[in-house]
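So you can see what is in the structure, the chains are spelled out below.
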Protein chains: 2
Amino acid sequence: MVDKKNSRDTLIEAASRLFRLRGYYGVGLNEIIEESGIPKGSLYYYFPKGKEELAIEAINHTKEMVISKIQEVFERIEDPIEAMQALIYQLSEVIGESDHKLGMPIGTIASENYSTSEPIRIACQLAFEDWQSLYKKKLISSGYSEKQSKEVSIIVNALIEGGILLSITSKSGKPLQVIAEQMPLLLIKK
Amino acid sequence: MVDKKNSRDTLIEAASRLFRLRGYYGVGLNEIIEESGIPKGSLYYYFPKGKEELAIEAINHTKEMVISKIQEVFERIEDPIEAMQALIYQLSEVIGESDHKLGMPIGTIASENYSTSEPIRIACQLAFEDWQSLYKKKLISSGYSEKQSKEVSIIVNALIEGGILLSITSKSGKPLQVIAEQMPLLLIKK
DNA sequence: ATAAAATTATAACGACTGGTCTACTATAAT
DNA sequence: ATTATAGTAGACCAGTCGTTATAATTTTAT
């Protein structure tokens, strides 16, 4: 039983990968079924409401992947500044890899659809909120105030999304590196 | 001679508006010609290379609009911290307006196309660089070091792009407001 | 073993895509 | 008056889009 994964998950993973790379409208269902090797009949069997439904599952899948990554780093590194720096440096290194497939995890879909699909918009909003909750929790458990933790978690989230955008656009890890280096400034305890 | 603008500019403005709202793949040429009232024959007369060529002009148009906005605020407000805060607050207020058509100015197109169209990727990169140059210039003229000015300009750019993304996704000006409030921290002179 | 249910496999649908092409109109130079 | 040029107008193309329909097959329950 080597690689017998179910079709539903295979579709979600392929969709997640492709949407991250070129957004919602930039990827067609034909490409998703080609990449996944799952026939179109199965796609509409598992996602009767079609592309939008699949996209929401893909967003949730991406969200969980990011949550795992954040948790892993946060468990490994106690200091919140160092932990967040490590997270961001890790991203900057991916850019260096040839043919990297980084991309704004859900930022592209969010900005394409915020005005056209409420279900997608809400799925993206929930992802951002969940990530921010993790940052906030880490900060609070390190002695930061409730208020500052909440505010900083928003900033960190914005910096990461914006940093990824700048780095993929300029094909350079530099923007993310600069962001990581400036982290301590934001985290001066008040 | 009330509203006799040339077709080329009318097309660019319509494209700029629509691409900001739903990105490159989310907007079709038919929608652009409908919104602008310019026929398809004229579109391909002015932009023989088609959608990609029009998109690049639209990106440059958006870039110039943002440059004007930044310059206007920077000329009006001398202190760099206050100026950047004003810029970001202004964005947060747009979100509050019903049916606002804010959107990441070029972030959506950039993240959709960074891996598929080099000409578009480069146009977006140049826009980011131009905006950062303005931030940097403002900081240097206020006595910040070359190095810090450059780094902060990257951070500010990332914060604005990320902040807009968070604000449009959550349908709230809050993220941008928080970012504006935390600006002073980033700008502690070293 | 058989029936029912779950899943896969294709083909086709109408709508729309970006792009091409040709006919037409307006203006100005000759 | 004629011709040249710039721009307008929109029908049309092949291909792709998301979606639907239905048949074939596999899996599960009895």
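Residues numbered from 1 in each chain as written. Chains lettered and ligands numbered in written order. Predicted model: local features only at pLDDT ≥ 70, side-chain atom pairs only at ≥ 80, totals over all residues. Heavy atoms only, no water.

## Thoughts on the protein's contact with DNA strand C
Close to DNA strand C lie 15 residues; Ser-7 and Tyr-45 of chain A together with Leu-29, Lys-40 and Tyr-44 of chain B are nearest. Put simply, 59% of the atoms of DNA strand C that lie within 4 Å of the protein are in sugar or phosphate. Between DNA strand C and Ser-7 of chain A, the relevant distance is 2.6 Å, taken from a phosphate oxygen to a side-chain nitrogen or oxygen of the residue. Measuring from a phosphate oxygen of DNA strand C, one finds a side-chain N or O atom of Tyr-44 of chain B at 2.7 Å. Breaking the surface near DNA strand C down by element, the ones donating at least two residues are helix 3 (40–46) of chain A together with helix 2 (29–36) and helix 3 (40–46) of chain B. Ranked by residue count, the leading element in the surface near DNA strand C is helix 3 of chain A, at five residues. For the surface near DNA strand C, the class distribution of residues is six nonpolar, six polar and three charged. (Near = heavy atom within 4 Å. Polar contact = N/O pair within 3.5 Å; in protein donor to acceptor, adjacent residues only side chain to side chain. Helix = DSSP H or I, 4+ residues; strand = E, 2+ residues; numbered from the N terminus. Nonpolar A, V, L, I, M, F, W, Y, C, P; charged D, E, K, R; others polar.)

## Points about the confidence of the model for chain A
Per-residue pLDDT for chain A averages 93, and the proportion of residues at 70 or more is 97%. By mean pLDDT, helix 3 of chain A is the weakest element of chain A at 90, and helix 7 (residues 118–140) of chain A is the strongest at 98. (pLDDT = per-residue confidence, 0-100.)

## Let's talk about the pattern of salt bridges
Oppositely charged side chains may form a pair once their charged atoms are brought near each other. Residue and element names in this part refer to chain A. Taken as a whole and judged by the stated rule, the model has 20 salt bridges over all chains. Note that Lys-63 and Asp-130 form a salt bridge whose closest N and O atoms lie 3.1 Å from each other. Taken together, the residues span a long stretch of sequence, with Lys-63 in helix 4 (residues 51–76) and Asp-130 in helix 7 at a distance of 67 residues. A relative accessible area of 29% means that Asp-130 is categorised as partly exposed. (Salt bridge = Lys/Arg side-chain N within 4 Å of Asp/Glu carboxyl O. Buried < 20%, exposed > 50% of the residue type's maximum accessible area, 1.4 Å probe, protein only.)

## Describing the relation of the copies chain B and chain A
For the pair chain B and chain A, the best superposition has an RMSD of 0.0 Å and corresponds to a rotation of 180 degrees with a translation of 0.0 Å parallel to the axis. Given the turn and translation reported, the copies of this chain are related as if by a two-fold rotation axis. For chain B, the minimum C-alpha distance to the rotation axis belongs to Gly-162 of chain B and amounts to 2.2 Å. Taken together, the interface assignments show that 100% of the residues at the interface of chain B recur at the interface of chain A, consistent with an identical surface on both copies. (Least-squares fit on C-alpha atoms with pLDDT ≥ 70 in both. Contact = heavy atoms within 4.5 Å.)

## Some thoughts on the UniProt feature "DNA-binding region" (unreviewed entry) in chain A
Look at the UniProt record and you will see "DNA-binding region" (unreviewed entry) annotated at residues 28–47 of chain A. A distance of 15 Å separates the end C-alpha atoms of residues 28–47 of chain A, which is 75% helix and 0% strand. (UniProt positions renumbered as here; feature names shortened; annotations may be inferred.)

## Regarding the environment of Ala-110 of chain A
On the secondary structure map, Ala-110 of chain A appears in helix 6 (residues 107–113). Its relative accessible area of 2% is what places Ala-110 of chain A among the buried residues. Taking C-alpha positions, Ala-110 of chain A is 5.9 Å from Cys-124 of chain A, a pair spaced 14 residues apart along the chain. Setting aside residues up to four positions removed in sequence, Ala-110 of chain A forms contacts with Cys-124 and Phe-128 of chain A together with Leu-165 and Thr-169 of chain B.

## As for the side chain of Thr-169 of chain B
Residues and elements named next belong to chain B. As for its placement among the helices and strands, Thr-169 is situated in helix 8 (residues 146–170). For Thr-169, a relative accessible area of 1% gives the class buried. Within the local environment of Thr-169, its side chain forms a polar contact with the backbone oxygen of Leu-165, the two atoms lying 2.7 Å apart.

## Considering the interface of chain B and chain A
If you look at the interface, chain B gives 47 residues, while chain A gives 47 residues. Between chain B and chain A the total buried area reaches about 4000 Å² when both faces are included, carbon and sulfur atoms providing 71% of it. Among the residues of chain B in contact with chain A, Tyr-114, Leu-166 and Thr-169 of chain B are the three that bury the most area, contributing 17% of the side total. For the pair chain B and chain A, the interface holds two salt bridges. Here chain B and chain A share 10 residue pairs in polar contact (both at pLDDT 80 or more) between them. (Buried area = accessible area lost by both parts, 1.4 Å probe.)

## A closer look at the side chain of Glu-112 of chain B
Position of Glu-112 of chain B relative to the elements: it lies in helix 6 (residues 107–113). Of note is the side chain of Glu-112 of chain B, whose polar atom sits 2.6 Å from the backbone nitrogen of Tyr-24 of chain B. Filtering out sequence-adjacent residues up to four positions away, Glu-112 of chain B remains in contact with Leu-21, Arg-22, Thr-108 and Glu-112 of chain A together with Gly-23, Tyr-24, Tyr-25 and Gly-26 of chain B.

## Side note on helix 1 (residues 7–22) of chain B
Relative to the 22 Å expected for 16 residues at 1.5 Å per residue, helix 1 of chain B spans 22 Å between its end C-alpha atoms, a close match to the ideal helical length. Burial in helix 1 of chain B covers these residues: Leu-11, Ile-12, Ala-14, Ala-15, Ser-16, Leu-18, Phe-19, Arg-20, Leu-21 and Arg-22 of chain B. Those residues of helix 1 of chain B that are buried lie in contact with helix 6 of chain A together with helix 2, helix 3, helix 4 (51–76) and helix 6 of chain B. (Expected span 1.5 Å × (residues − 1).)

## Some thoughts on the protein's contact with DNA strand D
Not every one of the 15 residues close to DNA strand D is listed here, only the nearest: Leu-29, Asn-30 and Lys-51 of chain A together with Ser-7 and Tyr-45 of chain B. Among the atoms of DNA strand D lying within 4 Å of the protein, the sugar-phosphate backbone contributes 62%. A distance of 3.0 Å separates a base oxygen of DNA strand D from a polar side-chain atom of Lys-40 of chain A. Within the side chain of Tyr-45 of chain B, one N or O atom sits 2.6 Å away from a phosphate oxygen of DNA strand D. Elements represented by at least two residues in the surface near DNA strand D include exactly helix 2 (29–36) and helix 3 of chain A together with helix 3 of chain B. Take the surface near DNA strand D: its biggest share by element is five residues, from helix 3 of chain B. Tallied by class, the residues present in the surface near DNA strand D amount to six nonpolar, six polar and three charged.

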